[in-house]
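Single-letter residue listing:
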Amino acid sequence: MCNNLTVPAGSIRARVRAEMMSEIKAVARGHLETDGANLSLRAVARDMGMVSSALYRYFASRDELLTALILDAYNALGATVEAADARVTDRGDLRGRWLAVARAVRGWALAHPAEYALLFGSPVPGYAAPPDTIAAAARTSLVLVQILADGHAGGVIEPTTARIGGGERPSASRSGPPQLGTAVRRDLAALIANVAPGLPEELLLLGMTGWLQLFGTVSFELFGQLNNVIEARSEFFDVQVTLMCDLIGI
């Protein structure tokens, strides 16, 4: 006895469309590697053996294609970082988690330099990322924030006036840490309310400093700023992120 299973035409069309969009994005990534973010839908269509009008059935504009590439890249980086954090089985090993995440960011960037440049390089002229990229963009930073939150909840990480904040200066011979102004405190309060309720503002600020330093170090390496300066890149990177762990108190 034979059962005839009919696949709905709509499902076939959806699958074919998804496959075509995936192929278009793959070709576009190749153009990122050679031409940077200066994407041309006409050039992508030519490489695929299509007329440009056919490509517009899948992506209505260059900006729509750029957004798709940006979302894919943010999600790929976020998934890489989340997996690296999850592989640290001792969840109380906060330093091990931070270092694992930092190394995962660097590893992904070195493996995908064109996509990293699309996310963290020079802005694309005339392009403004839509709001639906925000959640994907936040995935990596939220992993770092969670490490801070876990440390604070366990009483392991606490901000001190020796690092930053508005407390007494450590000695008369030193100028001490900068005061947090009202505007900065307002910004931090809004961020804490959104992503890390209960996290002290000083600790979040330290974490943001570590986040900025992490991506700054990766960008300096990737964009050639360390050429003829530092050759032992991996070791130098580990020194940098370890210093930030010490600053934050991890």
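Residues numbered from 1 in each chain as written. Predicted model: local features only at pLDDT ≥ 70, side-chain atom pairs only at ≥ 80, totals over all residues. Heavy atoms only, no water.

1. Things to note about the pattern of salt bridges
Part 1 of the reasoning: Counted under the stated rule, the structure contains 12 salt bridges.
Part 2 of the reasoning: Residue Asp63 pairs with Arg62 through a salt bridge whose shortest N-O separation is 2.7 Å.
Part 3 of the reasoning: One network of salt bridges, with partners in common, ties together Lys25, Arg29, Asp72 and Glu115. (Salt bridge = Lys/Arg side-chain N within 4 Å of Asp/Glu carboxyl O.)

2. Quick word on the layout of surface pockets
Where empty space is left in the structure can be found by rolling a water-sized probe over the atoms.
Part 1 of the reasoning: Its volume calculated, the largest pocket comes out at about 330 Å³.
Part 2 of the reasoning: If you go around the largest pocket, you meet 16 residues; those closest to its centre are Ser141, Leu142, Val145, Leu191 and Trp211.
Part 3 of the reasoning: Counting residues per element, the lining of the largest pocket draws most heavily on helix α7 (residues 134-153), which supplies 8 residues.
Part 4 of the reasoning: Ile70, Tyr74, Leu118, Leu119, Phe120, Gly121, Ser122, Pro123, Val124, Tyr127, Ala129 and Thr133 together form the lining of the second largest pocket. (1 Å grid on protein atoms, 1.4 Å probe; cavity = no way out; pocket = protein on both sides within 12 Å on 5 of 7 lines; lining within 4 Å. Points joined across faces, edges and corners; volume = space filled by probe spheres on them. Helix = DSSP H or I, 4+ residues; strand = E, 2+ residues; numbered from the N terminus.)

3. A few points about the packing of helix α5 (residues 94-111) against helix α6 (residues 113-120)
Part 1 of the reasoning: The interhelical angle for the contact between α5 and α6, taken along N-to-C directions, is 110°, at an axis separation of 5 Å. In terms of axis orientation, α5 runs roughly perpendicular to α6. Together, Trp108, Ala109, Leu110 and Ala111 of α5 and Pro113, Glu115, Tyr116 and Leu119 of α6 make up the contact between the two elements.
Part 2 of the reasoning: Of the residues contributing to the contact of α5 with α6, the split by class is 7 nonpolar, no polar and 1 charged. (Axes fitted to C-alpha atoms, helices over the stretch in contact; angles between N-to-C directions. Parallel < 35°, antiparallel > 145°, perpendicular 65-115°, else oblique. Contact = heavy atoms within 4.5 Å. Nonpolar A, V, L, I, M, F, W, Y, C, P; charged D, E, K, R; others polar.)

4. Considering the confidence of the model for the chain
Part 1 of the reasoning: This prediction gives the chain a mean pLDDT of 86; 88% of its residues lie at or above 70.
Part 2 of the reasoning: Across the chain, the element-wise mean pLDDT spans from 84 in helix α3 (residues 52-55) up to 97 in α5.
Part 3 of the reasoning: Low pLDDT, under 50, characterises residues 164-176; the predicted model gives this stretch 17 contacts beyond four residues in sequence or across chains. (pLDDT = per-residue confidence, 0-100.)

5. Some points on the packing of aromatic side chains
Part 1 of the reasoning: According to the stated counting rule, one finds 6 aromatic pairs in the structure shown.
Part 2 of the reasoning: Ring centres of Tyr74 and Phe120 lie 6.2 Å apart, and the angle between their planes is 85°; this geometry places the pair in the edge-to-face category. Taken together, the residues Tyr74 in helix α4 (residues 62-86) and Phe120 in helix α6 connect sequence positions 46 residues apart.
Part 3 of the reasoning: Exposure remark for Tyr74: the relative accessible area of 16% places this residue in the buried category.
Part 4 of the reasoning: When its relative accessible area of 25% is taken as the criterion, Phe120 is described as partly exposed.
Part 5 of the reasoning: When the centroid spacing of 4.7 Å and the interplanar angle of 40° are considered together, the rings of Phe120 and Phe215 count as tilted. Here Phe215 lies in helix α9 (residues 201-222) and Phe120 lies in helix α6, a separation of 95 residues in the sequence.
Part 6 of the reasoning: Classification of Phe215 by relative accessible area gives buried; the value is 7%.
Part 7 of the reasoning: Among the aromatic residues, ring-to-ring pairing joins Tyr74, Tyr116, Phe120, Trp211, Phe215 and Phe223 into one connected group. (Phe/Tyr/Trp six-rings, centres within 6.5 Å; stacked < 30°, edge-to-face > 60°. Buried < 20%, exposed > 50% of the residue type's maximum accessible area, 1.4 Å probe, protein only.)

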